[in-house]
Structure formats: C-alpha cells, structure tokens
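# Notes for the structure review
The chain contents come next:
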Protein chains: 2
Amino acid sequence: MDTNTKLKQILRNEGFRYTPQRQMVWNELRNMGGHHDCEEIYDELKGKGTRVSRATVYRTIEVLARNGLIRKLEVGDGVARYEAKEDGNHHHDHMICIETGDIIEFYNEELERLQEEIAEKHGYELVRHVHQLFVKKK
Amino acid sequence: MDTNTKLKQILRNEGFRYTPQRQMVWNELRNMGGHHDCEEIYDELKGKGTRVSRATVYRTIEVLARNGLIRKLEVGDGVARYEAKEDGNHHHDHMICIETGDIIEFYNEELERLQEEIAEKHGYELVRHVHQLFVKKK
DNA sequence: AGCTCACATGAGACTCAATATCAATAAAGA
DNA sequence: TCTTTATTGATATTGAGTCTCATGTGAGCT
C-alpha cells in the first residue's frame, strides 16, 4: 500500500476527508525529510505556489501526529518540530547539539527496557516518553 | 549556611543585587514545594499582597535557573514549570501521569550511565538531558 | 548617615507560535 | 448532479514570555 493510500485510509477511519491540502502537507514533510516546524512546511508549500493556509498546515499536522503518521519533537525553543515516520523508521530519541542545533537520532534497546521497568515499578504503564540529550562536540 | 545567604552569595558572584523581590520569588517557590509555573508564583505572591511584577518573577526565575538554585521542567503543554533544588535533592527525572497530571520523580543510576555512553559513542559530550515518562495508572 | 549611580523594578507594550472564528468552498455519498 | 457537512482561508485572538523605559533602590563610598 502506498503511503498516500495509507493517509486516505487513516483519514477515513477518523471520519475525515481526503483533501488536496492534507495530501500536500503530508507529502511535503516526507519530501523535505528531517525535522521541520509548521512555518517551514508552510513556507515551502507557499514557495511552490501552492494554495494552502497556515491554519490548515497546523490543523493537518495535528491530525497526522494524532494518527501516528508523523512524530512530534519539542527541543525547548518554543517551536514544535515534526518528522515523517516512514516504514521501517522505528522509534528513536534525539540528541541535540547545543552549539550547532544539529539533531542526531539514537536508539538503545536497554534504555527502552529500563524505562518500562521504572514505570512498572511505580505502578504505572508507560504510554510514551520524551528523551533528549543536549550535547556538544568533544 | 542558610538558603537565603546562599542566594545572596550566588547573586553577588554574578554581579547581581540581593533584592527583596528576588528573595520573595525564591522563598515562595521553596515554600510552595513541587512544580510551579511563573504565573502561579506571581499569583501566590500577589495573593499575599506582595508588591511584585510579572516581569520580575520571570526575570528572577531565569536567574535562579541559570544558577542552579531551581530546576526547569517542560512537559510539553507550553508552560515551563520550576522546582526548588533543596540540599540533598539530587538530580532526577519525571514521570507524568497523562490522566491526573501528577508528577512523580525518579532516578536511575544505570539510565544516567547509559546516556553518557550514548553521547560518547557519537563523539559528543553530554551537557544535560530531558527525560520524561508519560504514564497512566495500571 | 547621606550621596551617588548603575542595576533592578513595574506597568504595559510587544512578539510569536498556536488556536479560534466564521463565511465561503468543496469532498463524497445519494 | 445535488445536498450535506466537513474543510479551508483570512484574520482575529490567545497566552506565555520578553522588551522598553521611566522610576526606584541596593550598596559601595565618603
């Protein structure tokens, strides 16, 4: 199933319509690659002469995130960034260089296991987590 | 050394003045206990008839955080919360209940070690980290 | 204690990401 | 094609946080 059919199905499941704008936002974020905020996505689409509004970008991104097509990333600068979850792009956390702003992805099995364990130990179930390492080049 | 003398010394080291407002913000956050945002601190002080401005609360909190007297916590709802670091209140991370909003502190030696290791492995030095577990009661 | 002045404060303007409003538009089933 | 109802776009609004600047005040100096 191609990725736009997947979008269509997800939207239908939620009772949403499959509109050109939603397709454009989704395709744009995938084409751009990496981590981007709504303003960047909006500018990119505008730059291509696309007819889309800021409000629609924000609304669409919210829907995509809620349905797990994209992943939200907040690094503490007051701007939410998003990345497309491609097939085979499994869960990962982020390392942010405080000097360059570079975002590096990492994944560690043991780390994941420990978190489940800690939640468990306190009588909770782990739903999701935010884990960011702020680093600088050695 | 009592905690207000400590505040005084820290301010002097940075070339800042030891003012009633800075003492009030610091004392208020300690008295309240737990995690609070600037607006709550401001309201609390106002409620006591104290003469203090919103701007000063924000400015003071920033100074306290930069000097390690308090710890900043962002759970992703667009409001920064702070907690006083008491003596013997060592580093910890947070578990946030998505149903009640409760904030539980946790600390795990192994987790800390792993993070250093991961940064290292990528050629970086770990400066600080943000680690939050969003959980719900089992 | 009084003087001085650079730093701090308070009130309100301002910023900026994000959300809400609402008339006009367009999916999508009949 | 028609009709219904969600969606869109333009813009206003919100809200946390920051900035400005005239006024106030800590603290070193005499």
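As a reminder, the structure under discussion sits directly above these lines.
Residues numbered from 1 in each chain as written. Chains lettered and ligands numbered in written order. Predicted model: local features only at pLDDT ≥ 70, side-chain atom pairs only at ≥ 80, totals over all residues. Heavy atoms only, no water.

All names here are of chain B. Evaluated as defined, the whole model comprises 18 salt bridges over all chains. A salt bridge links Glu 14 to Arg 66; the shortest N-O distance between them is 3.0 Å. Linking Glu 14 in the loop between α1 (3-13) and α2 (20-32) with Arg 66 in helix α4 (residues 54-66), this pair joins segments that are 52 residues apart in sequence. Under the relative-accessibility criterion, Glu 14 is labelled partly exposed at 36%. The shortest N-O distance in the salt bridge between Glu 39 and Arg 54 comes to 2.0 Å. Here Glu 39, found in helix α3 (residues 38-47), pairs with Arg 54, found in helix α4; they are 15 residues apart in sequence, far enough to count as distant. For Glu 39, a relative accessible area of 27% puts it in the partly exposed group. (Salt bridge = Lys/Arg side-chain N within 4 Å of Asp/Glu carboxyl O. Helix = DSSP H or I, 4+ residues; strand = E, 2+ residues; numbered from the N terminus. Buried < 20%, exposed > 50% of the residue type's maximum accessible area, 1.4 Å probe, protein only.)

A few words now on the interface of chain A and chain B. Interface size is often expressed as the accessible area that is lost when the parts come together. Counting residues at the interface gives 33 residues for chain A, matched by 33 residues for chain B. For the chain A face of the interface with chain B, the top three residues by lost area are A:Tyr124, A:Phe134 and A:Lys138, together amounting to 21%. The tally of links from chain A across to chain B stands at two salt bridges. In this structure, A:Glu120 engages B:Lys138 in a salt bridge whose closest nitrogen and oxygen atoms are separated by 2.9 Å. At the junction of chain A and chain B, the tally comes to 16 residue pairs in polar contact (both at pLDDT 80 or more). Those elements that provide at least two residues to the side of chain A that touches chain B are β4 (93-97), β5 (103-106), α5 (109-121) and β6 (124-137) of chain A. By residue class, the composition of the side of chain A that touches chain B is 16 nonpolar, eight polar and nine charged. (Contact = heavy atoms within 4.5 Å. Buried area = accessible area lost by both parts, 1.4 Å probe. Polar contact = N/O pair within 3.5 Å; in protein donor to acceptor, adjacent residues only side chain to side chain. Nonpolar A, V, L, I, M, F, W, Y, C, P; charged D, E, K, R; others polar.)

The next thing to look at is the sheet that holds strand β6 (residues 124-137) of chain B. Taking strand neighbours across the sheet as the criterion, the six strands line up as β5(A)-β4(A)-β6(A)-β6(B)-β4(B)-β5(B) in an open arrangement whose pairing is mixed. Since the sheet does not close on itself, it has two edges, and those belong to β5 of chain A together with β5 (103-106) of chain B, each with one partner. Across this sheet, the average inter-strand angle for adjacent strands is 25°, counted without regard to direction. Sheet topology places β4(A) next to β6(A); four bridges connect them, and they run parallel. When the bridges of β6(A) are listed, A:Ile96 appears paired with A:Phe134. (Pairing = 2+ DSSP bridges. Axes fitted to C-alpha atoms, helices over the stretch in contact; angles between N-to-C directions.)

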